[in-house]
Amino acid sequence: MRGAPGGPRVLLRRLREVMAEPAPAQARLDRIVVLIASNMVSEVCSLYVMRADRTLELYATEGLNREAVHLTTMQAGEGLVGLIAQTAEPLALSDAQSHPAFSYRPETGEEVYHGFMGVPVLRGGNMLGVLVVQNRTHRAYAEEEIEALQTTAMVLAELIASGELQSLGSPGAEPAARGPVQLQGVALADGLGLGYAVLHEPRVVIRNLIATDVEAELARLDDALGEVRTSIDEMLERGDIAHGGEHRDVLETFRMFAHDPGWLRRMRDAVKTGITAEAAVERVQSDTRARLMRVTEPYLRERLHDLDDLANRLLHKLAGQEMVAPRENLPDNAIIVARMLGPAALLDYDRSRLRGLVLEEGGETSHIAIVARALNIPVVSEVEGAASAVEAGDALIVDGGTGEVQIRPPPEVEASYAEKARMRARRQAQYRSLRDRPAVTRDGVEIALQLNAGLLVDLPHLQDTGAAGIGLFRTELQFMIAERMPSAKEQQQLYAAVFAAAGDAPITFRSLDIGGDKLLPYMPRVEEENPALGWRAIRIALDRPALLRIQARALLKAAAGRHLRVMFPMVASTAEFERAKLLVEGEVNWLKRQQSPLPEKLSLGAMVEVPSLLFEIGEIAQAADFLSVGSNDLMQFLFAADRGNKLVASRFDPLSRAPLRALASLLEAAGVENCPVTVCGEMAGRPLEAMLLVGLGFRSLSMSAASIGPIKAMLLELDTRPLTELIRREMDTSGTHESLRPALADFAERHGIPV
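Caption draft 1: Broad picture of the sheet that holds strand 5 (residues 115-123). Sheet architecture is open: six strands sit in the order 3-2-1-6-5-4, paired in antiparallel fashion. The open sheet is flanked by strand 3 (73-75) and strand 4 (91-93), the only strands paired with a single partner. For this sheet the average axis-to-axis angle between neighbouring strands, irrespective of direction, equals 20 degrees. In the sheet, strand 4 pairs with strand 5 via three bridges, with the strands oriented antiparallel. Looking at strand 5, one finds that L93 is bridged to F116.

In structure tokens:
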């Protein structure tokens, strides 16, 4: 570096020595800026730190007026320092005062300085501050000087992120790196979790920034990148990926980035400045992330995740670390933070220590949400930047009711949530006290409250909640968390264990419901423009009858001497139901010939999810032993609104007149045939919606374990007669509101019904 008395290696070594000294934080910062100014042959070195309120504050300076420290502040975009913070890019000027963004601050005494060079202090793409050097002369800074200052900024980023500077900030204006942060996401599973962050993919901590052998570091970078490329190629050649689909598209994008010459050139150029391969990957990715976070174009923002993932793979390869955190020695009160997480990975963690889950990706009906609800773990998803904003061990609060995530909360916020948790615990205790009380309304109407389940871990909830049985057992979860197709014996063992755990309680098994958004990792995906409307559920079973036959045989064997109830999902016509029924009856006849023990009774039902079935409701009610309304899909198809699309998911209300009229006609036609009907979708588990369903005439509801208590508390205060009259009156008229929700909420408030 031109004119430098020691060069970056000497500077970094001395910086680390200073940071290791047992000195107060401000004294250490003051020494650091002196070192940098001396090494850069500059009269001025200043460090501006980004505060929690997104204001830049002067934290240390050599050459400017020391009295301006902690007094001089500016917003992002204000002045040259603010411009660097806004763009996340270095800036070098031979005459700073002629730049249109120059902002004169008289308290600093910087009017005599012309040469200006500043770089952002970044960590994981997050803006932590700005590091500046200045010269009296009109100095043209060389490229290697900018690189050296960027390397120095990486060291300062670790110092700021450590939290050591927190004591220097005034209350409410602490450094953003370790200050309180509130992020908003989408609540997937209710509950309140207070604990400490565990990163599902631990961040690689780079200890050595300076290379001792540049050529060796270039070779390490090339070798590691070659291994990452090979691993991507191998995944693309696997049988479950090779035939196309979304998984292949993602990996093809990875491969495109992994072979991008510009990305590789930037990393190699960084290494050539004298830093290690790990430091080069971190710098390039941090710079790229900081810039992409400032664009609004959706495609580019989506590519940020791809680049993050690829850089993370490369860093772990260079560091010789596993991508996923070890599951052993999980701390108490652990809150998992991940970009995305599959149900199998979640089940690998010690569930007794989990208090919450924070995800950057994952929808309300995703598999991870279903499993988390079964485990009674609060989940908040779509929390942008969560993995980069959190450090391992950070205090976290996850509110699965509001979708809020509090990172490093201040004491008053933590105390408020702790009180909320105590109130919630008291409320749960009240619900538990209702466990043995029958779910009977004030006017004597008995409602069967059942559980939605899918894993053995769900079964203890039967006893805990006093549920009448399992109204929906999702058999596909066993397939989704397995690494290969479960054998007939493995399926039979699971179903037998479910019967044993349930005791005398009735269980309704749903036959394999895969396809659409429920993908099995070991089965090739069929490319479809509209997967929700495509090859899924009963359609796959009828086209691949061996799947249904094997499952039916396993269920029949496991249910020997018991009452076996099986329902088929996504039935679009009575003819489809009859075909599936014939396949099951064929397995019954086969077992009879084998003299195998059979169920004492067999009941076969259909799920009402496809609107076409509403126009055959009399026929299907006559053919089936029972019906179950899958309200999630039924509402999605009735409104032609993708429930996973944020733009339309909340556009239509299931309590609107049109779907309620459809449900009323369903009940009426099923009643004529004496065919019992249950609701097992999300509607059944929400007190206001459940109240409406009871008012319509439904007498069996199936829901998550957490919903049993609130629904029962609502029923115990409900008189169905005035409710039914209100619903009939509202449905027969076109009121001010398209939805009955306002009228129902008013009814509940007037009658003291907890909803």
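Caption draft 2: The environment of L122, seen in detail. On the secondary structure map, L122 appears in strand 5. Separated by 35 residues in the primary sequence, L122 and A157 have C-alpha atoms spaced 6.2 Å apart. Not counting the four nearest positions on each side in its chain, L122 is found in contact with A88, M127, A157, S286, D287 and A290.

Caption draft 3: Looking closely at the packing of aromatic side chains. Across all of its chains, the model carries five aromatic pairs by this definition. Members of the aromatic cluster, joined through ring pairs, are F473, Y495, F499 and F509. Lying across the ring of F626, R565 places its NZ or CZ 4.1 Å from the centre.

Caption draft 4: View of the nonpolar core. Counting residues in hydrophobic clusters, the biggest one holds 129 residues, and the most contacted among them are F568, L627, L663, M691, F698, L701 and L744. Not counting the four nearest positions on each side in its chain, F568 is found in contact with S511, I538, L548, F577, A580, K581, V584, L604, G605, A606 and M607. C45, A153, A177 and L264 belong to the second largest nonpolar core, which has 67 residues in total.

Caption draft 5: Inspection of the sheet that holds strand 14 (residues 404-407) at higher detail. Across the sheet, which stays open at both edges, the eight strands sit in the order 7-14-13-9-10-11-12-8 with mixed pairing between neighbours. Two strands close off the open sheet at either side, each with one partner strand: strand 7 (181-184) and strand 8 (186-189). If you compare each strand with its neighbour and ignore which way they point, the axes differ by 30 degrees on average. In this sheet, strand 11 (residues 354-359) lies alongside strand 10 (residues 334-338) in parallel orientation, the contact comprising five bridges. Directly across from A334, in strand 11, lies its bridge partner L354. Most of the contacts of helix 14 (residues 411-433) go to strand 9 (residues 192-199), to which it runs at about 125 degrees, and overall it touches strand 9, strand 13 (395-399) and strand 14.

Caption draft 6: Quick peek at the side chain of D287. For D287, the position within the fold is in helix 9 (residues 277-292). Residues within four places of D287 in sequence aside, it is in contact with L122 and Q150.

Caption draft 7: Just the packing of helix 23 (residues 657-672) against helix 24 (residues 687-696), in detail. At a minimum axis distance of 10 Å, the contact between helix 23 and helix 24 shows a crossing angle of 40 degrees. Put simply, helix 23 runs oblique to helix 24. The handedness of the crossing between helix 23 and helix 24 comes out as right-handed. Along the contact surface, helix 23 presents L660, L663, A664 and L667, while helix 24 presents L692, L693 and L696. A breakdown of the residues in the contact of helix 23 with helix 24 according to their chemical character gives seven nonpolar, no polar and no charged.

Caption draft 8: Seen up close, helix 17 (residues 488-502). With 15 residues, helix 17 ought to run about 21 Å at 1.5 Å a step, and its terminal C-alpha atoms sit 21 Å apart, in line with that. Considered for burial, the residues of helix 17 that qualify are Q491, L494, Y495, V498, F499 and A502. End-on, the buried residues of helix 17 take up no more than an arc of 135 degrees, which puts them together on one face. Across helix 17 from its buried face, at more than 90 degrees, point the exposed residues K489 and A500. On its buried face, helix 17 is in contact with helix 15 (460-465), strand 16 (470-474), helix 16 (476-480), strand 17 (507-510), helix 19 (545-558) and strand 18 (563-568). Just past helix 17, the residue G503 takes up positive phi, approximately 65 degrees.

Reading the values: the criteria
Residues numbered from 1 in each chain as written. Predicted model: local features only at pLDDT ≥ 70, side-chain atom pairs only at ≥ 80, totals over all residues. Heavy atoms only, no water. Pairing = 2+ DSSP bridges. Helix = DSSP H or I, 4+ residues; strand = E, 2+ residues; numbered from the N terminus. Axes fitted to C-alpha atoms, helices over the stretch in contact; angles between N-to-C directions. Contact = heavy atoms within 4.5 Å. Phe/Tyr/Trp six-rings, centres within 6.5 Å; stacked < 30°, edge-to-face > 60°. Lys NZ or Arg CZ within 6 Å of the ring centre and 35° of its normal. Core = buried A, V, L, I, M, F, W, Y, C linked by side-chain atoms within 4.5 Å. Buried < 20%, exposed > 50% of the residue type's maximum accessible area, 1.4 Å probe, protein only. Parallel < 35°, antiparallel > 145°, perpendicular 65-115°, else oblique. Left-handed = near helix turned anticlockwise from the far one by under 90°. Nonpolar A, V, L, I, M, F, W, Y, C, P; charged D, E, K, R; others polar. Expected span 1.5 Å × (residues − 1). Arc of directions from axis to C-beta.

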